[in-house]
Each structure stands twice: as C-alpha cells, then as structure tokens.
Amino acid sequence: MCVHVCSGNLERDNRERGNAGDNNCTNDNQLVGVGFPPSFPPQDPGGDMSPAIALAFLPLVVTLLVRYRHHFRLLVHTVLLRNVRDCLSGLRIEERAFSYMLTHALPGDPGHIITTLDHWSSCCEYLGHVGPVKGQILTRLVEEKAPVCVLELGTYCGYSTLLIARALPAGGRLLTVERDPRTAAVAEKLIRLAGFDERTVELIVGSSEEVIPRLRTQHGLSQVELVLLAHRPRYYLRDLQLLEAHALLPAGATVLADHVLFPGAPRFLQYAKSCGRYRCRLHHTSLPDFPAIKDGIAQLTCAGPG
C-alpha cells in the first residue's frame, strides 16, 4: 500500500515539474521574441567609436598636409599630372619638352635653349631638371676647373649637358651616359639642336655600371677631371667606387653629385667624408620651382688614393 501511495506522489510531482518547465520555456520564448530576436545579435558598442577616432586623427592629418604641402604639390606634378599627360599625349615629358623647343628655341644657341627649358618647366610642366640655381654652380665650376674631359652620368633631357658643353675650354670633351634609350634619343636631338657635334659631346646609351668599366678601352678615356653624378642617388656610391677601381680619377679631379639632400644620398656622403680620399663641400640649394624643398650639390675633390 505504501508503495502505491509513494508511486502516485512521485507521478504527481513529475507532472507538476513538467508543467512548470513548459511555462518557463514559454516565458523564455516570449522574452526572446520580444526583446532579443535570435537573428539579430546585440550591436557591438565599439562600432560607434569610429567617427570619434577619425576626428581624433584629423588634427594630425591637417598638420602633415600643412607641413609637407610643398612635397604633396611636387608629388602631384611629378606623378599624377605627368602620368595623365603621358597617357593623353602618348609622349613622355622630355619628348613634349623637345617639341616645345622646336617651336620656341633658337637652333645653334645653347643659352637660349637652356632659358627656354627653364621657362617651359616653370610655366608648362615641371621638368625636374638641374635648374638655373644649380646650373650656375655647375657652370662656374666647369669654367674654373677648365677640364679637358668631363663625364656625366645621367643625361636625362640634356639640360646639364648643354651647361657643361658650352662652358668647356677649347678642345674640351664631354661624355654623357643615359640608361634609357628613349630618353637618350631626345637628349641627342637637343644636343645637336644646340650645335654640339659628336667630337665635343658623345652620348653613350647604357647603364653606368656597364659603361664605366669600358670607358678606357672603348671610348679612349684614360682619366676624367670632372664627373657629374645626376642619375639616381642610390647608385652614386657604387659608381664612385667603380671610377676608383678603374683608376679614372686622378688627384685633383672633381666629382659633383646632385640631389644629395633630396631625395638624398646618405651612404654616398658618409663614404666620401670618411674614406680619406676626398675633400668635401656641400652647396645648399633647393629644387627648381620648389624653393621650400631644400636640396644640395656635393663637391668632392680627389686628394689621391686613401
């Protein structure tokens, strides 16, 4: 009898627990359906902070734009606008510059061609050439040293080539090296337009790394009294050491290196100052048409083997 009573009590307790569980599930479902839909999890409060973070960085961005506004303007001219014009015209900037020379410069007058290039770079498209301020330094040194033979690495459009060629003494010779064949073709035309023949200015197409070892055997250059480095600053040290290795720099020779401060050639300058072979001087200048961007020309005077 007791067993049956206990069993009945257990069954009644189980039914009560089951009904209570059903009620709890119903209440939970109602809460989920009303307050927290299963398909939409609660929002991450961190996402609302992104505008605040952006506003926090805004003063920094404005400060950088103001401080480096000249560099941004240079970037626009040398990259964005130049690429657009290249695509629209199908010509490179040096080719467009030469077309302007044909209609505005006086053939056979290197001074007028140089002035016309300066005008075109200031008023039409930024050329990124040596420019008049650095050009005065280069011309003065060529006239003072009166070198019989000059080597230029980096012909580009031929601007600095004309500066050197017209300042050479009688019988002087200039060898200029340009890596890019298309750029070299334009420079060749400009040099001949100015009236210089191949006996005075010889243009060599090829990389400086390949040309320097062949200067003695293929171009009859035993020594060079003045060198202008005007190609890529990251190659300045390599090419200076190549000139040393092939004994092309006598005592008293002058090496000029452009763009040693912008974009800069720190390894070249460090080597020139520490190796003991050169007396170093730095001519502080700026970029043409961008006077706020400081640059410099390094002048190295060879004192002989270290």
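Residues numbered from 1 in each chain as written. Predicted model: local features only at pLDDT ≥ 70, side-chain atom pairs only at ≥ 80, totals over all residues. Heavy atoms only, no water.

### Focus: the environment of V255
Checked against the element boundaries, V255 lands in strand β5 (residues 254-257). Overall, V255 belongs to the buried group, its relative accessible area being 1%. Between the C-alpha atoms of V255 and C302, which are 47 residues apart in sequence, the distance is 7.8 Å. When residues no more than four places from it in sequence are discounted, the contact partners of V255 are V227, L229, L240, L249, A298, Q299 and L300. (Helix = DSSP H or I, 4+ residues; strand = E, 2+ residues; numbered from the N terminus. Buried < 20%, exposed > 50% of the residue type's maximum accessible area, 1.4 Å probe, protein only. Contact = heavy atoms within 4.5 Å.)

### Quick look at the packing of aromatic side chains
In total, this model carries three aromatic pairs according to the counting rule given. Note on Y126 and F290: the rings are 5.0 Å apart at their centroids and 85° apart in plane angle, and the pair reads as edge-to-face. Note that Y126 is positioned in the loop between α5 (110-123) and α6 (131-145) and F290 in strand β7 (residues 290-302), a separation of 164 residues in sequence. Exposure remark for Y126: the relative accessible area of 8% places this residue in the buried category. The interplanar angle of 75° and the centroid separation of 5.7 Å between the aromatic rings of Y236 and F268 together place this pair among those described as edge-to-face. One end of the pair, Y236, is in helix α11 (residues 236-245); the other, F268, is in helix α13 (residues 266-274), with 32 residues separating them in the sequence. Per residue, the accessibility class of Y236 equals that of F268, and both read buried. A cation sits over an aromatic face here: R238 above Y235, 4.3 Å from the ring centre. (Phe/Tyr/Trp six-rings, centres within 6.5 Å; stacked < 30°, edge-to-face > 60°. Lys NZ or Arg CZ within 6 Å of the ring centre and 35° of its normal.)

### Considering the sheet that holds β5
Strand order in this open sheet of seven strands is β3-β2-β1-β4-β5-β7-β6, and the pairing throughout is mixed. Unpaired on one side and paired on the other, β3 (201-205) and β6 (278-287) mark the two borders of the sheet. Across this sheet, the average inter-strand angle for adjacent strands is 15°, counted without regard to direction. The sheet contact formed by strand β1 (residues 149-153) and strand β4 (residues 226-229) spans four bridges and is parallel. In the strand pairing of β4, E152 is matched with L228. Its contacts with the sheet put helix α8 (residues 181-193) on β2 (173-178) and β3, and the angle it makes with β3 is roughly 170°. (Pairing = 2+ DSSP bridges. Axes fitted to C-alpha atoms, helices over the stretch in contact; angles between N-to-C directions.)

### A few points about the packing of α5 against helix α7 (residues 159-167)
How two helices sit against one another is set out by the angle between their axes and by the gap between those axes. Where α5 contacts α7, the axes come no closer than 10 Å and their chain directions differ by 150°. For the element pair α5 / α7, the angle class is roughly antiparallel. As α5 runs across α7, the sense of the crossing is left-handed. Across from P110, G111, I113, I114, L117 and D118 in α5, the residues of α7 making contact are Y159, L162, L163 and R166. For the contact of α5 with α7, a count of residues per class yields seven nonpolar, one polar and two charged. (Parallel < 35°, antiparallel > 145°, perpendicular 65-115°, else oblique. Left-handed = near helix turned anticlockwise from the far one by under 90°. Nonpolar A, V, L, I, M, F, W, Y, C, P; charged D, E, K, R; others polar.)

### What about the confidence of the model for the protein chain?
Confidence along the protein chain averages 87 in pLDDT terms, with 83% of residues attaining 70 or more. Confidence drops under a pLDDT of 50 for residues 1-10, and excluding neighbours within four residues, the segment shows zero contacts in the predicted structure. Contacts of residues 20-37 to residues separated by more than four positions or lying in other chains number three contacts, the stretch itself having pLDDT below 50. (pLDDT = per-residue confidence, 0-100.)

### Section: the nonpolar core
The biggest cluster of nonpolar side chains holds 41 residues, and the ones touching the most others in it are M101, I113, L117, L162, I164 and L190. Mapped onto this core, the elements with two or more residues apiece are α4 (93-104), α5, α6, α7, α8, β3 and β4. Those residues in contact with I164 that lie beyond four places of it in its chain are L138, V142, V150, L174 and L228. Membership of the second largest hydrophobic core comes to 33 residues, among which are L151, V177, F268 and A272. (Core = buried A, V, L, I, M, F, W, Y, C linked by side-chain atoms within 4.5 Å.)

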